[in-house]
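Tertiary structure, described
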Amino acid sequence: DTAVSQTPKYLVTQMGNDKSIKCEQNLGHDTMYWYKQDSKKFLKIMFSYNNKELIINETVPNRFSPKSPDKAHLNLHINSLELGDSAVYFCASKRGTEAFFGQGTRLTVV
Amino acid sequence: GESVGLHLPTLSVQEGDNSIINCAYSNSASDYFIWYKQESGKGPQFIIDIRSNMDKRQGQRVTVLLNKTVKHLSLQIAATQPGDSAVYFCAENKAGYSTLTFGKGTMLLVSP
């Protein structure tokens, strides 16, 4: 059983398109996150959701918007994709001190 | 050997050696610190954590040391194995917040 699952694993799209990445966790955690990992492996927090309420948005462009239909899901929508959006995006959920990460979605904007 | 990196440093060791991976943090308000392991093509995986009121914690083959005076965290891996090859990240959690802030990783390469 996969604790945190993301789809798709790979996403290649053209500049200007709108795309979504889905995330689901079956751990019953209250807090979920989206992280962006750049080509230098640096992990940067994008969004944090606690009980469906957005609690942190770290200077992310408003082209990015998280959507949480329920506590188990936190999807990431990206509008008007740009070349600089190419990265690996990770979803995670946490309870206590341990965060569980999905396998990542490699987004390539061409 | 040990490595402290501002970019993505690489630590190369032989199988069976002990490895030490270092991390400097900046937020003195962090209430706990965590080490993660990221294998190629996978998400980060929790290894061990340590509360800010502790200076040492041991797990299976791993030990984390916390020096709050100099804001330094280290991960020691005993008897390193090829399967330990990965990128290792330290992360900190600011007290009262749920967000983990990651440091820049260190790549560990273990040769047989």
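Just so you know, these numbers come straight off a predicted model, no measurement behind them.

Structural notes on the overall build of chain A
Of the regular secondary structure elements, chain A holds 0 helices and 11 strands. Computed over C-alpha atoms, the radius of gyration of chain A comes to 13 Å, within 12% of the 13 Å expected from 2.2 N^0.38 for 110 residues, which places it in the range of a compact globule. Residues counted as buried form 45% of the 110 residues belonging to chain A. Restricting to contacts in chain A with at least 6 residues of sequence separation, those with at least 24 account for 51%. About 5,500 Å² of surface is accessible on chain A, with carbon and sulfur atoms providing 47% of the total. Charged side chains in chain A number 14 positive and 11 negative. The centres of these two groups are separated by 4 Å.

Comments concerning the layout of surface pockets
Approximately 400 Å³ is the volume attributed to the largest pocket. Lining the largest pocket are 26 residues, and of these B:Asn27, B:Glu92, B:Leu100, B:Thr101 and B:Phe102 sit closest to its centre. Only β5 (43–50) of chain A together with β3 (19–24), β4 (30–38), β9 (86–94) and β10 (100–102) of chain B provide two or more residues apiece to the lining of the largest pocket. The dominant element in the lining of the largest pocket, judged by the number of residues it contributes, is β9(B), at 5 residues. Residues of the lining of the largest pocket, tallied by class, amount to 15 nonpolar, 7 polar and 4 charged.

Quick notes on the pattern of salt bridges
Scanning the model with the defined rule gives 6 salt bridges over all chains in all. The partner of A:Asp30 in a salt bridge is A:Lys71, with the nearest N and O atoms 3.0 Å apart. A residue pair is termed long-range when its members are at least 10 positions apart, and A:Asp30 in the loop between β3 (19–25) and β4 (31–37) and A:Lys71 in the loop between β7 (64–67) and β8 (75–78) qualify at 41 residues. Assessed through its relative accessible area of 31%, A:Asp30 is described here as partly exposed. For A:Lys71, a relative accessible area of 39% corresponds to the partly exposed category. The partner of B:Glu39 in a salt bridge is B:Lys42, with the nearest N and O atoms 3.8 Å apart. Judged by its relative accessible area of 46%, B:Lys42 is partly exposed.

Cut-off values and rules
- Residues numbered from 1 in each chain as written.
- Chains lettered and ligands numbered in written order.
- Predicted model: local features only at pLDDT ≥ 70, side-chain atom pairs only at ≥ 80, totals over all residues.
- Heavy atoms only, no water.
- Helix = DSSP H or I, 4+ residues; strand = E, 2+ residues; numbered from the N terminus.
- Rg over C-alpha atoms; globule rule 2.2 N^0.38 Å.
- Buried < 20%, exposed > 50% of the residue type's maximum accessible area, 1.4 Å probe, protein only.
- Contact = heavy atoms within 4.5 Å.
- Areas by Shrake-Rupley, 256 points an atom, 1.4 Å probe, with all protein chains shown as cover.
- Lys, Arg positive; Asp, Glu negative; His and termini not counted.
- Charge placed at Lys NZ, Arg CZ, Asp CG, Glu CD.
- 1 Å grid on protein atoms, 1.4 Å probe; cavity = no way out; pocket = protein on both sides within 12 Å on 5 of 7 lines; lining within 4 Å.
- Points joined across faces, edges and corners; volume = space filled by probe spheres on them.
- Nonpolar A, V, L, I, M, F, W, Y, C, P; charged D, E, K, R; others polar.
- Salt bridge = Lys/Arg side-chain N within 4 Å of Asp/Glu carboxyl O.

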